[in-house]
Amino acid sequence: MSVMVKESPINEKDMIAQAEAALADISRVRDGVGRVIFGQEAVVERTLVALLAGGHALLVGVPGLAKTKLVETLGVVLGLDSRRIQFTPDLMPSDILGSEVMEQDEAGKRSFRFISGPIFAQLLMADEINRASPRTQSALLQAMQEYHVTIAGVRHDLPAPFHVLATQNPLEQEGTYPLPEAQLDRFLMQVDILYPEIEAERRILLETTGIEDAKAQNVLQPVRLKEIQTLIRRMPVPESVVDAILKLVRSARPGQGNTETDKHVAWGPGPRASQALTLCARARALYDGRLAPSVDDIRALAEPVLQHRMALTFAARAEGTTVRDVVAKLAKGI
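Just so it is clear, the model here is predicted, and its values are computed rather than measured.

### As for the overall build of the protein chain
Helix and strand counts for the protein chain come out as 15 helices and 11 strands. Counting only C-alpha atoms and orienting by the principal axes, one finds that the protein chain spans roughly 70 × 60 × 60 Å. Burial statistics for the protein chain: of 334 residues in total, 46% are counted as buried. Taking contacts inside the protein chain between residues at least 6 apart in sequence as the whole, the part at least 24 apart equals 76%. Surface accessibility of the protein chain: about 17,300 Å² in total, with carbon and sulfur atoms responsible for 53%. Averaging the locations of the 38 positively and 42 negatively charged side chains of the protein chain gives two centres separated by 4 Å.

Given below as structure tokens:
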């Protein structure tokens, strides 16, 4: 007769020790990124929180705001095997996933061999993801959700950890294909990148126009990143935080009794948004040196987690209302 053994929960002393070690590693990662990326503290925080939570992030910003540089720097600092795909209208799914080729041996026997594509990396940069057709964009769906791909009926597992950091230009929409809602929902967060503060831009001018640029240095290994991600999933979540998450997400859905939402929102976030808020709140707490998330973490993460999972009505858009406006009002109410 088999007996199921329940894994014993981690005790508080061990949890504190592991959190302190993780905090020291995260601090070194922040310093390593800060040597190359000047300013943009909120952007770096949110992107790192997405990676620490084990998810993917969509980086949205105009050209020249170091989106590509940030992804490259994170790959080096975290010690991840990184690949970059430049999305273009003629890009095909096989250019991302790989394809089978026919080979013939010395005896004349023919067979197929799978040649893996650039998606077989620990950190994939999907540059200007909305420039490829929906057919090509969909090549990422299974990988982002299930961490494997299927080619000719055969499953191929992706490396662990596996993260997608995609970039998108919000201004130039000529010849682009908007990401479908199903794919947007796979991104843990949408990180909006704004223009830098004047002091950060001054430092950029002085330190990037000389003979040598600052180079990123590796400070962490993928195995250690996986350990930190596991630790984050073990962190306790207070009941008050769970209630705040449920209240926020449900209030963002039409038909749930919120007058402002019913007026402005066409469709709202699903349960995946609640999962994302829970994971990201834990990661943000550890990023700040805390052992449990608070309601303030939910308020801070409401915009990046919810904005790409909601759509406004035509009337709301005509009035000039934005998703950020709606989310900000909802976040104040929790």
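### Remarks on empty space enclosed by the protein
Counting across every chain of the model gives two cavities of 30 Å³ or more. Reported here for the largest cavity is a volume of approximately 40 Å³. Together, D25, I26, V29, L48, L52, L78, L220 and I228 line the largest cavity. Listed by contribution, the elements that provide at least two residues to the lining of the largest cavity are α1 (12–34) and α2 (41–52). Here the lining of the largest cavity gets three residues from one element, more than from any other, and that element is α1. Among the residues forming the lining of the largest cavity, the class breakdown is seven nonpolar, no polar and one charged. Approximately 30 Å³ is the volume attributed to the second largest cavity. Lining the second largest cavity, in full, are I37, Q40, V43, L65, A66, L70 and I193. Among the residues forming the lining of the second largest cavity, the class breakdown is six nonpolar, one polar and no charged.

### Here's the deal with helix α9 (residues 222–234)
Since one α-helical turn is 3.6 residues long, residues separated by three or four positions face the same way. When the terminal C-alpha atoms of α9 are compared, their 19 Å separation across 13 residues agrees well with the 18 Å that a helix rising 1.5 Å per residue should span. Within α9, the full set of buried residues consists of P222, L225, I228, Q229, L231 and I232. On its buried side, α9 packs onto α1, α2, β8 (163–168) and α12 (271–287).

### Some words on the packing of α1 against helix α3 (residues 67–77)
The geometry of α1 relative to α3 is characterised by a closest axis approach of 10 Å and an angle of 135 degrees between their N-to-C directions. For the element pair α1 / α3, the angle class is oblique. You can see that α1 and α3 cross each other, and the crossing is right-handed. Where α1 approaches α3, its residues V29, G32 and V33 are matched on the opposing element by L70, T73, L74 and V77.

### Some remarks on the packing of helix α13 (residues 295–306) against helix α15 (residues 323–332)
Interhelical geometry of α13 versus α15 gives an angle of 150 degrees and a closest axis separation of 9 Å. One way to sum up the angle between α13 and α15 is to call them roughly antiparallel. Helix-helix and strand crossings are classified by hand; for α13 and α15 the assignment is right-handed. The residues of α15 that touch α13, namely those facing R299, A302, E303 and L306, are R324, V327 and A331.

### Digging into unusual backbone geometry
That bond from A160 to P161 is cis: its omega, -5 degrees, falls within 30 degrees of zero. Within the secondary structure, P161 is located in the loop between β7 (154–157) and β8. Positive phi values are uncommon outside glycine, yet Q40 reaches one of about 55 degrees. When its relative accessible area of 17% is taken as the criterion, Q40 is described as buried.

### Focus: the sheet that holds β8
Overall, parallel pairing links the five strands, which are arranged β2-β5-β8-β1-β9 in an open sheet. Sheet topology places β2 (82–86) and β9 (189–192) at the edges, where each strand pairs with a single neighbour. When the angles between neighbouring strand axes are averaged without regard to direction, this sheet yields 20 degrees. In this sheet, β8 lies alongside strand β1 (residues 57–60) in parallel orientation, the contact comprising four bridges. Within β8, the residue paired with V60 across the bridge is Q168.

What counts as what
Residues numbered from 1 in each chain as written. Predicted model: local features only at pLDDT ≥ 70, side-chain atom pairs only at ≥ 80, totals over all residues. Heavy atoms only, no water. Helix = DSSP H or I, 4+ residues; strand = E, 2+ residues; numbered from the N terminus. Buried < 20%, exposed > 50% of the residue type's maximum accessible area, 1.4 Å probe, protein only. Contact = heavy atoms within 4.5 Å. Areas by Shrake-Rupley, 256 points an atom, 1.4 Å probe, with all protein chains shown as cover. Lys, Arg positive; Asp, Glu negative; His and termini not counted. Charge placed at Lys NZ, Arg CZ, Asp CG, Glu CD. 1 Å grid on protein atoms, 1.4 Å probe; cavity = no way out; pocket = protein on both sides within 12 Å on 5 of 7 lines; lining within 4 Å. Points joined across faces, edges and corners; volume = space filled by probe spheres on them. Nonpolar A, V, L, I, M, F, W, Y, C, P; charged D, E, K, R; others polar. Expected span 1.5 Å × (residues − 1). Axes fitted to C-alpha atoms, helices over the stretch in contact; angles between N-to-C directions. Parallel < 35°, antiparallel > 145°, perpendicular 65-115°, else oblique. Left-handed = near helix turned anticlockwise from the far one by under 90°. Pairing = 2+ DSSP bridges.

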